[in-house]
Amino acid sequence: MQAAQSTIDPAEVAKFEAMAAEWWDPNGKFKPLHMLNPCRLDYITAQIAAEFDRDLSGDRPFAGLRILDIGCGGGLLSEPMARLGADVMGADAAEGNLPVARLHAEQGGLEIDYRHTTAEALADAGEQFDVLLNMEVVEHVADPLDFLTACRRLLKPGGLHLCSTINRNPKSFAMAIVGAEYVMRWLPKGTHDWAKFITPDELYDLLKQAGLSPVDRKGFVFNPIAWSWSISDRDLSVNYVTASLTP
């Protein structure tokens, strides 16, 4: 049992449990995720549709796909996946997030299997998925390689792993920590630890070490003039996302 908990950082879990009730408040402490979510979903849905040959204009295009949203929080990604027809499990190490997620899904008429568990525990139990959403989690775990290895074990052959995180450089410190936590006060001070941020090259190397094959990476870029996010082929300087496949 201890091995299944190895990558959990209790201090990181406590940060998000303290904010759990605000997950679905678009102007609350998770405002940055609400703003970013449409951009994240554009990337996620396009990658899944391409990999599994699904028509996004159809009804419930992800029907038949089993998707794990690891570090699901309040369900900001789990719910759209369920609406698209997927069989969705949302897992989070912060138990306080799950009653919020379950209630919101119930209110929306969605069936989502929310569990207080870890990637390691699910892998040890033999769970298997077609797609794993690993969004804004890897910078909060104690051992990124062990965590990503557990994620790879959870994927079926030909499975798709989508992982986003924050680059580590002076710009990301200025924007993700000074800007988001101190200037805009979008997030409580101390939400992020700059030393835990991971560069795109470092993440690609970790993914390969974990047994995954990276096939794509894009940047999520915030425009303070338009007050909106967009996907960039070149600008991975702060927020970015990767797509990887299992052999």
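The structure contained in this document is the topic of the report that follows. Sequence order as written defines residue numbering, which begins from 1 separately in each chain. This being a predicted model, a pLDDT of at least 70 is required before a residue's local features are given, and a value of 80 or more before pairs of side-chain atoms are given or counted; all residues contribute to the totals for chains, interfaces and linings. To get the side-chain values, take all heavy atoms of the structure and skip hydrogens and water.

Remarks on helix 8 (residues 200–209)
Piece 1. By the burial criterion, the buried members of helix 8 are Pro200, Leu203, Tyr204, Leu206 and Leu207. Seen end-on, helix 8 carries its buried residues on one side only, within an arc spanning 165 degrees. In helix 8, the exposed residues that point more than 90 degrees away from the buried face are Asp201 and Lys208.
Piece 2. A contact between two residues is defined here by any heavy atoms of the two lying within 4.5 Å. The numbering of helices and of strands both runs from the N terminus, where a helix is a DSSP run of H or I of at least 4 residues and a strand a run of E of at least 2. Elements in contact with the buried residues of helix 8: helix 6 (144–153), strand 5 (155–166), strand 6 (213–223) and strand 8 (239–245).
Piece 3. Of the residues one or two after helix 8, glycine 211 is the one with positive phi, at around 100 degrees. A 1.4 Å probe rolled over the protein chains alone gives each residue an accessible area, and that area as a share of the maximum for its type sets the label: buried under 20%, exposed over 50%, partly exposed in between. As used here, the arc is the angular range of directions from the helix axis to the C-beta atoms.

Quick notes on the nonpolar core
Piece 1. Side-chain atoms within 4.5 Å link the members of a nonpolar core, which is a set of buried Ala, Val, Leu, Ile, Met, Phe, Trp, Tyr and Cys residues. Counting 34 residues, the largest nonpolar core has Ile44, Ile48, Ile67, Met81, Leu133, Leu160 and Leu162 as its most contacted members.
Piece 2. It is helix 2 (residues 31–52) that contributes the most residues to this core, eight residues altogether.

Thoughts on the sheet that holds strand 7 (residues 228–232)
Hydrogen bonds between backbone atoms are what pair the strands of a sheet, whose relative direction is either parallel or antiparallel.
Piece 1. Only when DSSP finds a minimum of two bridges between them are two strands counted as paired. Spatial strand order, 3-2-1-4-5-8-6-7: eight strands in an open sheet with mixed pairing. Among the strands making up the open sheet, the edge pair consists of strand 3 (113–116) and strand 7. Each strand of the sheet is rotated relative to its neighbour by a mean of 20 degrees, with strand direction disregarded.
Piece 2. As paired strands, strand 2 (residues 87–92) and strand 3 are joined by four bridges and run parallel to one another. Paired with methionine 89 across the two strands is aspartate 113, which belongs to strand 3.
Piece 3. Every axis in this analysis is a line fitted to C-alpha atoms, fitted for helices over the stretch in contact. Angles between the N-to-C directions lie between 0 and 180 degrees. Against the sheet, helix 4 (residues 97–107) makes contact with strand 2 and strand 3, and its axis sits at roughly 170 degrees relative to strand 3, the strand it touches most.

Quick look at the environment of aspartate 216
Piece 1. Within the fold, aspartate 216 resides in strand 6.
Piece 2. Placed 169 residues apart in sequence, aspartate 216 and glutamine 47 show a C-alpha to C-alpha distance of 9.4 Å.
Piece 3. Apart from residues lying up to four places away in sequence, aspartate 216 is in contact with Tyr43, Gln47, Tyr204, Val241, Thr242 and Ala243.
Piece 4. Two N or O atoms count as a polar contact when they lie within 3.5 Å, although within protein this holds only if one can serve as hydrogen donor and the other as acceptor, and sequence-adjacent residues are included solely when both atoms are side-chain atoms. Within the structure, aspartate 216 has its side chain in polar contact with the side chain of tyrosine 43 (distance 2.5 Å).

Regarding the state of the cysteines
Piece 1. Two cysteine sulfurs form what is called a disulfide whenever their separation falls within 2.5 Å. Here the structure, examined in full by the defined rule, presents zero disulfides.
Piece 2. Unpaired in this structure, cysteine 151 has its nearest cysteine sulfur neighbour in cysteine 163, at a distance of 7.5 Å.

Considerations on the packing of aromatic side chains
Piece 1. When two rings of Phe, Tyr or Trp (its six-membered ring) have centres within 6.5 Å they constitute a pair, described as stacked for plane angles under 30 degrees, edge-to-face for angles over 60, and tilted for the intermediate range. Following the criterion strictly, the structure yields three aromatic pairs and no others.
Piece 2. Here tyrosine 43 and phenylalanine 220 contribute two aromatic rings whose centre-to-centre distance is 6.5 Å and whose plane-to-plane angle is 85 degrees, an arrangement assigned as edge-to-face. Taken together, the positions of tyrosine 43 in helix 2 and phenylalanine 220 in strand 6 put the pair 177 residues apart, joining distant regions of the chain. The residues tyrosine 43 and phenylalanine 220 share a single accessibility class, namely buried.
Piece 3. Feature note: the residues Phe222, Trp227 and Trp229 constitute an aromatic cluster, connected by ring pairs.
Piece 4. We note arginine 217 situated over the ring of tyrosine 204; from NZ or CZ to the ring centre the distance is 4.5 Å. Whether a charge sits over a ring comes down to the Lys NZ or Arg CZ being within 6 Å of the ring centre and within 35 degrees of the ring normal.

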